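# Residue-level structural notes
If you want the building blocks of each chain, they are given just below.
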Amino acid sequence: MIETDFIASNFNSKLANGSVTWKTPSNIALVKYWGKREPQIPENASISFTLDACFTLTTLEYSLKERHSELDSESLEENLKQVQVDDSKFNFEVYFEEEKKDDFKPKIQKFFERIELYVPFLKEYKFVIKSRNSFPHSSGIASSASGMSALALCIMSLEKELNSEITDEYFNKKASFLARLGSGSACRSIEGELIVWGDHSEIYGSSNLFGVKFPYKVHENFKNYHDTILLVDEGEKQVSSTVGHKLMHNHPFAKQRFEQANHNISKISEVLQNGDLKSFIAIVESEALSLHAMMMTSNPYFILMKPNTLKIIHKIWKFRQETSSNICFTLDAGANVHVLFPENEKELINNFIINELVLYCQENHYICDRIGIGAKLISNN
Ligand code: DP6
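The structure displayed is predicted, hence computed values, not measured ones.

### Describing the overall build of the protein
- Regarding its fold elements, the protein presents 9 helices and 14 strands.
- Taking 381 residues into account, the globule formula puts the C-alpha radius of gyration at 21 Å, and the protein, at 22 Å, falls close to it.
- Along the three orthogonal principal directions, the C-alpha set of the protein runs to about 85 × 45 × 40 Å.
- Expressed as a percentage of the 381 residues in the protein, the buried residues total 53%.

### A few points about the sheet that holds strand β13 (residues 366-370)
- The antiparallel open sheet is built from 4 strands, whose spatial order is β11-β12-β10-β13. In this open sheet, the two strands that pair with only one neighbour each are β11 (328-331) and β13. Taken pair by pair, the neighbouring strands of this sheet meet at an average axis angle of 25 degrees, ignoring direction.
- Relative to the sheet, helix α8 (residues 307-323) contacts β10 (226-230), β11 and β12 (337-341), its axis offset from that of β11 by approximately 155 degrees.
- In the packing of helix α9 (residues 346-357) onto the sheet, the strands contacted are β10, β12 and β13, and the crossing angle to β12 comes to about 155 degrees.

### Topic: the site of the ligand
- Taken together, 16 residues sit near the ligand, with Y33, K36, S183, G184 and S185 positioned nearest.
- Here K36 contributes a side-chain N or O atom positioned 2.7 Å from an oxygen atom of the ligand.
- Between G184 and the ligand, the recorded distance is 2.7 Å, taken from a backbone N or O atom to an oxygen atom.
- Coverage of the ligand by the protein amounts to 92% of the 460 Å² it exposes when considered alone.
- No other element matches the 3 residues that helix α5 (residues 241-246) contributes to the shell around the ligand.

### Some words on the pattern of salt bridges
- Within this structure, the stated rule accounts for 16 salt bridges.
- Close ionic contact of E116 with K123 constitutes a salt bridge, the shortest N to O distance being 3.3 Å.
- You can call E116 partly exposed: its relative accessible area is 24%.
- Of the charged contacts, one joins E356 and K315 as a salt bridge, the two residues approaching to 3.2 Å between their closest N and O atoms. Of the two residues, E356 sits in helix α9 while K315 sits in helix α8, which places them 41 residues apart along the sequence.
- Assessed through its relative accessible area of 32%, E356 is described here as partly exposed.
- One continuous salt-bridge network, built from bridges that share partners, spans E93, K100 and D102.

### Structural notes on the pairing of β10
- Of all 5 residues making up β10, 5 are buried, and the element is well covered by its neighbours.
- In β10, alternate side chains face the same way, and those of H226, T228 and L230 on one face and D227 and I229 on the other are all buried.
- One ladder, built from 5 bridges, connects β10 with β12; its direction is antiparallel. Its bridge partner being in β12, L230 is matched across the sheet by V337.
- Bridge count for β10 against β13 is 5 bridges, and the pairing is antiparallel. If you follow D227 over to β13, its bridge partner there is D369.

### Some points on helix α3 (residues 144-162)
- With 19 residues, α3 extends 27 Å from end C-alpha to end C-alpha; this agrees with the ideal 27 Å at 1.5 Å per step.
- Where burial is concerned, most of α3 is hidden: 16 out of the 19 residues are buried.

### Description of the packing of aromatic side chains
- A full pass over the atoms with the stated rule returns 21 aromatic pairs.
- On the basis of an interplanar angle of 40 degrees and a centroid distance of 5.5 Å, the ring pair of F49 and Y225 is categorised as tilted. A residue pair is termed long-range when its members are at least 10 positions apart, and F49 in strand β4 (residues 46-64) and Y225 in the loop between β9 (211-213) and β10 qualify at 176 residues.
- Judged by relative accessible area, F49 falls into the buried class, the value being 2%.
- Judged by its relative accessible area of 1%, Y225 is buried.
- Through pairs of rings, three or more aromatic residues link up here, namely Y62, F90, F92, F111, F112, Y125 and F127.
- Its end group placed over the ring of F55, K23 keeps NZ or CZ at 4.5 Å from the ring centre.
- Over the face of the ring belonging to F92 we find K105, whose NZ or CZ atom lies 5.1 Å from the ring centre.

The rules we used
Residues numbered from 1 in each chain as written. Predicted model: local features only at pLDDT ≥ 70, side-chain atom pairs only at ≥ 80, totals over all residues. Heavy atoms only, no water. Helix = DSSP H or I, 4+ residues; strand = E, 2+ residues; numbered from the N terminus. Rg over C-alpha atoms; globule rule 2.2 N^0.38 Å. Buried < 20%, exposed > 50% of the residue type's maximum accessible area, 1.4 Å probe, protein only. Pairing = 2+ DSSP bridges. Axes fitted to C-alpha atoms, helices over the stretch in contact; angles between N-to-C directions. Contact = heavy atoms within 4.5 Å. Near = heavy atom within 4 Å. Polar contact = N/O pair within 3.5 Å; in protein donor to acceptor, adjacent residues only side chain to side chain. Areas by Shrake-Rupley, 256 points an atom, 1.4 Å probe, with all protein chains shown as cover. Salt bridge = Lys/Arg side-chain N within 4 Å of Asp/Glu carboxyl O. Expected span 1.5 Å × (residues − 1). Phe/Tyr/Trp six-rings, centres within 6.5 Å; stacked < 30°, edge-to-face > 60°. Lys NZ or Arg CZ within 6 Å of the ring centre and 35° of its normal.

So, in structure tokens, the structure goes:
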């Protein structure tokens, strides 16, 4: 599919008002997206586990802007001016955890501007967006993936109200396409359990424009895979991902990094099918460290790991050596550690986490998550 396939047509914007709620998970990349070009096109393919316990719940209330067709002629002219002004702007309010959040508006404004071509009915409505996360806002867990995908799905539900003919397949693809324009990794949060985003010759159906389900049979070893997130540093992120991606422009190792990631997609695709956990570990940990290596070698440079991040990594390596368990770690663009492990080792590894790793977390905070199946429609009235 190409961009123009996502321009809404045949819609009938007569629906006066309504409200829709989606619950959308976060995701954790196994092969990382780091580096992009306009318009939100990734420099390499990435693959992620969709999560389950870390999610955003978003309600979009919409009402058609008023037209005041029955006004007397005197006020009509004045009113027409008003309507013109209204139609030239997006009209929305944002609430996060029950509080009005005007500082969230610029990001959403930018998102609306980017997607308007594809959902041209946006300016005909007034919106109230109400959101909350299952994880603490200050936990250092990026909420842009779950947040932007939830909003994209709400907008798709409105599109479906206006055009009931769209298929479920188109609905999900376009939701992912729109989410991508809000935040790249958000396009991997619509479905589960493993999502690939970015053109790759060995992944059938893959695209730079939206995420697709990993198209091959996944080995039993990866069923119910666990991700326990150790909250090492709950502060605000030191480098926003927008700034981070820019650091890959003119980065001395950019070309090699994009090649490495695409090569790792080929390797992990085989591993996900043959169940080779040792190779899985080698790819996933190398990807996490390569992501951080890119940040350490960019200009300006950053170290996003904290001393406790390293302590946890060394503990995991020691434990793996001593027990030959299949525990491993990955990182996102921050200090928190995602501890990944298969279902059949959960008792052993949960004990290890509680007894030996949690003490490195801020206020002993951690989140037990696992691979999930994707977003869920909660209500549509
Ligand atoms: C390190 O998706 O947050 O988590 O497209 O600018 O919103 P924007 O970036 P974002 O980047 C995520 C980067 C990452 C790796 C990954 O999820 O693949």
